Amino acid sequence: MSALTALRTPDHDAHSVLIALRTLTPLYTGGVGQHGDQIHPSGLLGGLRKFSCLLAAAIGDGEFEHTVWGTPTDAKKHHAKQVALRIDPSGLNKIRPVAAANGCINWPRPDGKPRSGWYYNVAQDGVLRLTLTRRGISDPQHWQLLLLALRIQIRYATLGSRDQWGLGVLATDELPAVEPLQPCQTAPLSDRPGLHRALFVEIRFSRSLPSDWLVRLKEGLRWREKLRGSFRNEGEKDLRHYLFGKLGQYGSAINISALYPYGGKGCALRIWGVIPHTTSLRFADQRNQIVQKLRQAIEEGPNAVWPGERHVVWQDGAAHQTDLATWINQLAGVVA
């Protein structure tokens, strides 16, 4: 047997999981000039890190991030991340979701002010295979947390970039096996964002899914406009930018997908976010009011209402503070 034949790959590793993800809305992970013509593992790993750390913070695990995702090189005892990711993008196809020459979606603002619009370049559609490998994680619980977070992210959130503009909803026929989370013995970390501050909303429509990506994306953007416009009262400018992003200052706390297939005949879109979403925990004392305002806006819907009946499914971590483990297991789909 030659050395190459005997070489072990992540597929042979008992501590690896292989997941075949299919895109429900296009996948985008950035790139040179934000062109998006290929999948960048770093863009996916960054999202997995962020989401798994949200879960760890919710159960009070302050060691998870440094142990699993590494420490800065200037730390006294630094080490690299203990997770490896390999991708197989051969099942993906490059698409231009917006066929216009400049890739822009736009329409007049309700207040008549000018708007630059939303720009889309190349994205990916099809099946992406991921192999996630446990390299040096000594605590089995940390590996379980990582897999729990991945299951929740796939089922309720998004992967990649520009998920605030509709991209990155993926699905799989087989989620990685994982043990249910046991009841939490420690309180959530109070100095950082966590899943206990998250909300997940799915809006399900009885009408069939449009075939045109432009229509699917535009519907999600109209819901984004509706929610963002709910925070235009006097004194809410800073809060609005904090929740929905401001270039060079904040990323978006609220992510809103494009339409995707649901239930065989209908379609849906998802809204999810963490409030507050930065380590400074801004506006934490206003979270209840913010969520109430979001909920009212979601119940109302945008002015250009999508035809047909709709049903809103709402999940808010704040309602499960006394039994976070059960809620997390339900989100991950490991208990009924």
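Rules used throughout
- Residues numbered from 1 in each chain as written.
- Predicted model: local features only at pLDDT ≥ 70, side-chain atom pairs only at ≥ 80, totals over all residues.
- Heavy atoms only, no water.
- Pairing = 2+ DSSP bridges.
- Helix = DSSP H or I, 4+ residues; strand = E, 2+ residues; numbered from the N terminus.
- Contact = heavy atoms within 4.5 Å.
- Axes fitted to C-alpha atoms, helices over the stretch in contact; angles between N-to-C directions.
- Core = buried A, V, L, I, M, F, W, Y, C linked by side-chain atoms within 4.5 Å.
- Buried < 20%, exposed > 50% of the residue type's maximum accessible area, 1.4 Å probe, protein only.
- Parallel < 35°, antiparallel > 145°, perpendicular 65-115°, else oblique.
- Patch = residues over 30% accessible without salt bridge, like charges linked within 9 Å, V, L, I, M, F, W, Y side chains within 5 Å.
- Areas by Shrake-Rupley, 256 points an atom, 1.4 Å probe, with all protein chains shown as cover.
- Salt bridge = Lys/Arg side-chain N within 4 Å of Asp/Glu carboxyl O.
- Lys, Arg positive; Asp, Glu negative; His and termini not counted.
- Charge placed at Lys NZ, Arg CZ, Asp CG, Glu CD.
- Phe/Tyr/Trp six-rings, centres within 6.5 Å; stacked < 30°, edge-to-face > 60°.
- Lys NZ or Arg CZ within 6 Å of the ring centre and 35° of its normal.
- pLDDT = per-residue confidence, 0-100.
- Nonpolar A, V, L, I, M, F, W, Y, C, P; charged D, E, K, R; others polar.

Novice: I would appreciate a short explanation of the sheet that holds strand β6 (residues 170–171) in the present structure.
Specialist: Through backbone hydrogen bonds, the strands of a sheet pair up, either in parallel or in antiparallel fashion. Strand order in the open sheet made by the four strands is β2-β5-β1-β6, with antiparallel pairing throughout. The open sheet has two free edges, formed respectively by β2 (83–95) and β6, since each of these has just one partner strand. Two strands pair when backbone bridges link them, and β2 and strand β5 (residues 123–134) are joined in this way by 11 bridges, in the antiparallel orientation. Within β5, the position partnered with leucine 85 by the bridge is leucine 132. Packed onto the sheet, helix α4 (residues 140–156) meets β1 (16–23), β2, β5 and β6 and runs at close to 170° relative to β5.

Novice: So what exactly am I meant to see when it comes to the nonpolar core here?
Specialist: The tendency in soluble globular proteins is for nonpolar side chains to be buried side by side. Residues Phe51, Trp69, Leu132, Leu195 and Phe200 are the most contacted members of the largest nonpolar core, which totals 50 residues. Excluding anything up to four places from it in sequence, phenylalanine 51 contacts Ala149, Ile152, Gln153, Ala157, Leu195, Phe200 and Trp272.

Novice: Got a minute to help me understand the pairing of β1 in this structure?
Specialist: Looking along a regular strand, one sees side chains alternate from face to face of the sheet. Sheet topology places β1 next to β5; seven bridges connect them, and they run antiparallel. Residue pairing across strands places alanine 20 opposite arginine 129, the latter belonging to β5. Bridging between β1 and β6 involves two bridges; their strand directions are antiparallel. In the strand pairing of β6, arginine 22 is matched with alanine 171.

Novice: I tried to follow the packing of α4 against helix α8 (residues 324–332) on my own but got confused; where do I start?
Specialist: Axis separation between α4 and α8 bottoms out at 8 Å; the angle between their running directions is 60°. Considering their axes alone, α4 and α8 lie oblique with respect to each other. Contacts between α4 and α8 involve Leu148, Arg151, Ile152, Arg155 and Tyr156 on the former and, on the latter, Ile328, Asn329, Gln330, Leu331 and Ala332.

Novice: Help me out: how do you make sense of a positive patch on the surface in this one?
Specialist: On the surface, Lys113, Arg232, Lys237 and Lys246 cluster together to form a positively charged patch. With relative accessibility at 54%, the residue lysine 237 sits in the exposed group.

Novice: Would you take a moment to explain the packing of aromatic side chains for this structure?
Specialist: Two aromatic rings, taken as a pair, are described by how far apart their centres are and by the angle between their planes. Counting across every chain of the model gives 10 aromatic pairs. For the ring pair phenylalanine 231 and phenylalanine 244, a centre distance of 6.2 Å and an interplane angle of 50° mean the geometry is tilted. One end of the pair, phenylalanine 231, is in the loop between α5 (213–229) and α6 (237–244); the other, phenylalanine 244, is in helix α6, with 13 residues separating them in the sequence. A single burial state applies to phenylalanine 231 and to phenylalanine 244, both of which are buried. For the cation-ring pair, arginine 115 lies above tryptophan 107, with the distance from its terminal atom to the ring centre recorded as 5.0 Å. One cation-aromatic arrangement involves arginine 216 over tryptophan 213; the distance from NZ or CZ to the ring centre is 4.2 Å.

Novice: Quick question: what am I supposed to make of the environment of leucine 281 here?
Specialist: Among the structural elements, leucine 281 can be located in the loop between β10 (266–274) and α7 (287–300). The buried category is assigned to leucine 281, whose relative accessible area is 16%. Residues leucine 281 and proline 193, 88 residues apart in the sequence, show an inter-C-alpha distance of 6.9 Å.

Novice: Can you walk me through the confidence of the model for the chain in this structure?
Specialist: Do not read the fine detail of predicted coordinates wherever pLDDT is low. Summing up the model confidence of the chain, the mean pLDDT is 89 and the portion of residues at 70 or higher is 91%. When mean pLDDT is compared element by element in the chain, β6 scores highest at 98, while helix α1 (residues 3–6) scores lowest at 40. Note that residues 1–13 has pLDDT below 50 and, in this model, 12 contacts with residues that lie over four places away or in other chains.

Novice: Got a minute to help me understand unusual backbone geometry in this structure?
Specialist: Glycine aside, negative phi is the norm for most residues, and most peptide bonds take the trans geometry. Cis geometry is adopted by the peptide bond preceding proline 276, which originates at isoleucine 275 and carries an omega value of -5°. The backbone phi angle of arginine 162 is positive, close to 55°, even though this residue is not glycine. With respect to the helices and strands, arginine 162 occurs in the loop between α4 and β6. Residue class for arginine 162 comes out buried when judged on its relative accessible area of 14%. Although it is not a glycine, phenylalanine 283 adopts a positive phi angle of roughly 60°. Considering the arrangement of structural elements, one finds phenylalanine 283 in the loop between β10 and α7.

Novice: I tried to follow the side chain of histidine 241 on my own but got confused; where do I start?
Specialist: On the secondary structure map, histidine 241 appears in helix α6. If sequence neighbours within four positions are ignored, histidine 241 has contacts with Arg228, Lys246 and Tyr250.

Novice: Quick question: what am I supposed to make of the pattern of salt bridges here?
Specialist: Between side chains of opposite charge, a pair can form as their charged atoms come close. Across all of its chains, the model carries 10 salt bridges by this definition. Put simply, arginine 115 and glutamate 225 hold a salt bridge, and the shortest N to O gap is 2.8 Å. On the criterion of sequence distance, the pair formed by arginine 115 in the loop between β3 (104–105) and β4 (118–119) and glutamate 225 in helix α5 is long-range, its members being 110 residues apart. Among the ionic pairs, glutamate 300 bridges to lysine 226, the shortest N-O distance being 2.7 Å. Taken as a pair, glutamate 300 in helix α7 and lysine 226 in helix α5 lie far apart in primary sequence, 74 residues in all. Judged by relative accessible area, which is 43%, glutamate 300 ranks as partly exposed.

Novice: How should I be thinking about the packing of α5 against α6 in this particular structure?
Specialist: Packing of α5 against α6 leaves a shortest axis separation of 10 Å and a crossing angle of 145°. In this structure, α5 uses Arg224, Leu227 and Arg228 to contact α6, whose residues at the interface are Arg240, His241 and Phe244. Among the residues making up the contact of α5 with α6, the classes are represented as two nonpolar, one polar and three charged.

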